[in-house]
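Structural overview
Here's the letter readout for the chains.
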Amino acid sequence: MNIKIQDLTKVYPDGHKALNGLNLNIEPGMFGLLGPNGAGKTTLMRIMTLLQNPSSGTIFFDDYDILRDRKAIRSVLGYLPQDFRFFEKLKTWEFLDYGAGLAGIKGTRKRSEIVDEMLRKVGLYEVRDRWANRLSGGMKRRLGIAQAIIGNPKVIIVDEPTRGLDPEERIRFRNILSEVSDKDVIIILSTHIVGDISSTCKKLALLNKGELKFEGSPDDMIELAQGKVWEIFVTDPELQQIKEKYPIISTIPSEGGWEIQIVTEKLEGFNGKAIIPNIEHAYVYFMDYLLKDKMDMYSEKIGGDLFN
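Residues numbered from 1 in each chain as written. Predicted model: local features only at pLDDT ≥ 70, side-chain atom pairs only at ≥ 80, totals over all residues. Heavy atoms only, no water.

1. So, the overall build of the chain
Secondary structure summary: the chain contains eleven helices and 14 strands in total. Each principal axis of the C-alpha distribution contributes one length, and for the chain these read about 70 × 45 × 40 Å. With 308 residues in all, the chain has 50% of them scored as buried. Taking as baseline every contact in the chain between residues at least 6 positions apart, the subset at least 24 positions apart corresponds to 64%. Surface exposure of the chain reaches about 15600 Å², of which carbon and sulfur atoms provide 46%. (Helix = DSSP H or I, 4+ residues; strand = E, 2+ residues; numbered from the N terminus. Buried < 20%, exposed > 50% of the residue type's maximum accessible area, 1.4 Å probe, protein only. Contact = heavy atoms within 4.5 Å. Areas by Shrake-Rupley, 256 points an atom, 1.4 Å probe, with all protein chains shown as cover.)

2. Points about the pairing of strand β10 (residues 211–216)
In this sheet, β10 lies alongside strand β9 (residues 203–208) in antiparallel orientation, the contact comprising five bridges. If you follow L204 over to β10, its bridge partner there is G216. Where β9 hands over to β10, the hairpin turn is made up of two residues, of which K209 adopts a positive phi near 55°. (Pairing = 2+ DSSP bridges.)

3. Quick notes on the confidence of the model for the chain
Taken as a whole, the chain shows an average pLDDT of 87; of its residues, 92% reach a score of 70 or greater. Considering only residues more than four positions removed or in separate chains, one finds that residues 293–308, a stretch of pLDDT under 50, has 23 contacts. (pLDDT = per-residue confidence, 0-100.)

4. Describing helix α6 (residues 167–180)
Helix length check: α6 (14 residues) gives 20 Å between terminal C-alpha atoms against 20 Å at 1.5 Å per residue, within 8%. What α6 keeps buried is the set E169, F173, R174, I176, L177 and V180. Across the axial projection of α6, the buried residues extend over an arc of 155°, all falling on one side. In α6, the exposed positions that point more than 90 degrees away from the buried face belong to P167, E168 and E179. (Expected span 1.5 Å × (residues − 1). Arc of directions from axis to C-beta.)

5. Some details on the packing of helix α3 (residues 92–102) against helix α5 (residues 137–149)
Here α3 crosses α5 at 25°, and the two axes come no closer than 9 Å. The pairing of α3 with α5 is recorded here as roughly parallel in orientation. Handedness of the α3/α5 crossing: right-handed. Where α3 abuts α5, its residues T92, F95 and L96 lie against L143, A146 and Q147. (Axes fitted to C-alpha atoms, helices over the stretch in contact; angles between N-to-C directions. Parallel < 35°, antiparallel > 145°, perpendicular 65-115°, else oblique. Left-handed = near helix turned anticlockwise from the far one by under 90°.)

Right under this line is the structure:
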């Protein structure tokens, strides 16, 4: 399975252009879709899952076109939306059994075996008889991913799956996705939580204002931020000066002042040391530096091969 997004544009009735001529190829494996709120991620997910139509352009799932082959595409899709909901008067196993039926799993006995297997996989077997609306937030998200993957779909799309979860549940959720990852399956993880991407995805795309701004591996993005992340110590009065001059990544109180991390091409007026960046540093560098007035200069500097 391969996905080809071709000249995709979405303009809402109020004139807001959520996607603007998006072109992107997605191959099997874990693929991260990154960007701030309003970047166009959810609109893209809704078009890919046939919940919305594009204004122009299309998406191909192998040879299936979302404009013509909707039934065939539905048969290969699993989806966990950001606002995942369920029937409140169903128990956990009943809801998943209902989802298994929608996924085309026939036969009561077979479906029961698959439901129990899936509940064990996501760590919900012990609460299989609990009302679904009584589950914790993390458990509800696990139930959501269970219904998305129970039919063994070739494409699994999850939109902001770890929002609101504590660190332990976030790790558990990422591990579940990694376990179902397969050489023939595409898992698209759409999020604004950068750590979720670096922990699971070999490839990512960065959207901003409906346009593709970066496509590559997390390491590719990190490499572009090398030598641009600084750690410095400042006093209280200096902290305000720093805030006005540089994007700040972290601020940690220390004796007599603050230990802070900033991104900039060149540190001026303060003593500090360059540190090895991670994916969160690289993301801030893109969003607060490259995608503003420095964008054209830097794109030209690296040959323009990573930017649209």
